[in-house]
Amino acid sequence: MVPFFFASHWSLSVLFQSLFQHRYAAHRMFTMGPRTERALHLSAALVQGSSYLDPRAYAILHREHHAYADTERDPHSPTHQKNPLRMMLHTARRYAGLLTRRISAEPRFLGGYPEWPAVDRLFSRWPTRIAFGALYALFYRRFATRRWHWALLPMHFVMGPVHGAIVNWCGHRYGYRNFESRDASRNTLPVDVLCMGELFQNNHHTRPASPDFAARRFEMDPTWQVMRLLARLKLIRLTPASLGRHAEPHPSPVRRDDGTSLWASPSL
Ligand SMILES: [Zn+2]
Ligand SMILES: [Zn+2]
């Protein structure tokens, strides 16, 4: 039971991160109705629990990563950090500053992400994070049958940062490249079931508006398959997100320095 719970929490957390915070909030690769958006937002919060990522802070941080990938201004680059822990501490400080709005971002990185203040505030508070941690511990107390099961428990508390460390460290350090790019991005796994497609960093940095992170025949991006299914069920639309209601105050897609857009293109 414990290994199943761990595998489910791992894969669902990273799936929601890839689908909701990354592809929807940061890149606007699809649109959906307001009720579906709220359902997805709340599901992401409940699934990610202790390590819920505020979509606004995540989106700004991630857009900064694309704009400054592997330069000194990248919020998380293995090129400029000694180890994954230091890189994530550096990232966590910036994330916290953006969350509390102590740090103000460049205007081009603002807007176009979903905001639900009640949920975002509640799930970013320490008492809520600790309450989720207590629920995970209760589950282990009831179902752990082997000693080594307990070694998995702390991972549930920091699932989001662990995924972030794997993707941002390995995805810019280990693996192969399909495209030449100015950054150090790589594709770590050809079939990325570990991080639901997030480890296709080289493909994604080269084509940041493409909702399918796989680029070659042998590559498979699980989150893209989920998006196709959701689109077939008419829960989401793979259309230019700039037409969505969140775009109104900020109608211009975020542009990279090379002129390409971080948002989905109308040709989808
Ligand atoms: Zn990257
Ligand atoms: Zn991205």
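Residues numbered from 1 in each chain as written. Chains lettered and ligands numbered in written order. Predicted model: local features only at pLDDT ≥ 70, side-chain atom pairs only at ≥ 80, totals over all residues.

Undergrad: Can you explain the overall build of the protein chain? Please cite residues and give values.
TA: The number of helices and strands found in the protein chain is 10 helices and zero strands. Along the protein chain, helices (α) and strands (β) appear in the sequence α-α-α-α-α-α-α-α-α-α when read from the amino end. Looking at the protein chain as a whole, 39% of its 268 residues are labelled buried. Sequence separation of at least 24 residues holds for 67% of the intrachain contacts in the protein chain that already meet a minimum separation of 6. (Helix = DSSP H or I, 4+ residues; strand = E, 2+ residues; numbered from the N terminus. Buried ≥ 20, exposed ≤ 12 C-beta atoms within 10 Å, placed from the backbone. Contact = placed C-beta atoms within 7 Å.)

Undergrad: Go over unusual backbone geometry, please, and point to the residues and values.
TA: The phi dihedral of Asp70 is positive, around 60°, even though this residue is not glycine. Note that Asp70 resides in the loop between α3 (55–67) and α4 (84–100). A positive phi is found at Arg101, a non-glycine position, where the angle reads about 65°. On the neighbour-count criterion, Arg101 (10 C-beta atoms within 10 Å) is exposed.

Undergrad: Got a sec to walk through helix α1 (residues 2–26)? Specific residues and values, please.
TA: Of all bends in α1, the biggest is about 30°, found at Gln17. Of the residues one or two after α1, Arg28 is the one with positive phi, at around 55°. (Bend = angle between axes of the 7 residues up to and from the residue.)

Undergrad: With reference to specific residues and values, describe helix α10 (residues 222–232).
TA: Listing the buried residues of α10 in full gives Pro222, Thr223, Trp224 and Met227. Two residues or fewer after α10 comes Lys234, characterised by a positive phi angle close to 65°.

Undergrad: Which residues make up the nonpolar core, and what are the values?
TA: Buried together is how nonpolar side chains tend to be arranged in soluble globular proteins. Counting 38 residues, the largest nonpolar core has Ala25 and Tyr58 as its most contacted members. Those elements giving two or more residues to this core turn out to be α1, α2 (34–48), α3, α4, α8 (159–170) and α10. With seven residues, the single largest contributor to this core is α1. Once residues lying within four places of it in the same chain are set aside, the contact partners of Ala25 are Phe20, Pro55, Tyr58, Ala59, Tyr113 and Pro114. (Core = buried A, V, L, I, M, F, W, Y, C linked by C-beta atoms within 7 Å.)

Undergrad: Tell me what's going on with the packing of α1 against α2, and back it up with residues and numbers.
TA: Where α1 contacts α2, the two axes come as close as 9 Å, and the packing angle between them is 145°. Remark: the crossing between α1 and α2 carries left-handed chirality. Taken together, the residues of α2 that come into contact with α1 (itself represented by Leu12, Ser13, Phe16 and Phe20) are Leu40, His41, Ser43, Ala44, Val47 and Gln48. (Axes fitted to C-alpha atoms, helices over the stretch in contact; angles between N-to-C directions. Left-handed = near helix turned anticlockwise from the far one by under 90°.)

Undergrad: How would you summarise the environment of Phe213 if you had to cite specific residues and measurements?
TA: For Phe213, the location among the structural elements is in the loop between α9 (201–206) and α10. A tally of 26 C-beta atoms within 10 Å means that Phe213 is categorised as buried. Placed 11 residues apart in sequence, Phe213 and Trp224 show a C-alpha to C-alpha distance of 7.3 Å. Those residues within four positions of Phe213 in sequence are excluded, and the remaining contacts are Gly197, Phe200, Asn203, His204, Asp221 and Trp224.

Undergrad: Residue-level account of the confidence of the model for the protein chain, with values.
TA: When the pLDDT values of the protein chain are averaged, the result is 90; 89% of them are 70 or greater. The model gives residues 241–251 a pLDDT under 50, and that stretch makes 21 contacts with residues more than four places away or in other chains. (pLDDT = per-residue confidence, 0-100.)

Undergrad: Which residues make up the packing of helix α6 (residues 126–143) against helix α7 (residues 149–157), and what are the values?
TA: Where α6 meets α7, the closest approach of the two axes is 9 Å, and the angle between their N-to-C directions is 160°. For the element pair α6 / α7, the angle class is roughly antiparallel. The way α6 lies across α7 gives a crossing that is right-handed. The residues of α7 that touch α6, namely those facing Gly133, Tyr136, Ala137 and Tyr140, are His149, Trp150, Leu153, His156 and Phe157. Split into classes, the residues belonging to the contact of α6 with α7 amount to six nonpolar, three polar and no charged. (Parallel < 35°, antiparallel > 145°, perpendicular 65-115°, else oblique. Nonpolar A, V, L, I, M, F, W, Y, C, P; charged D, E, K, R; others polar.)

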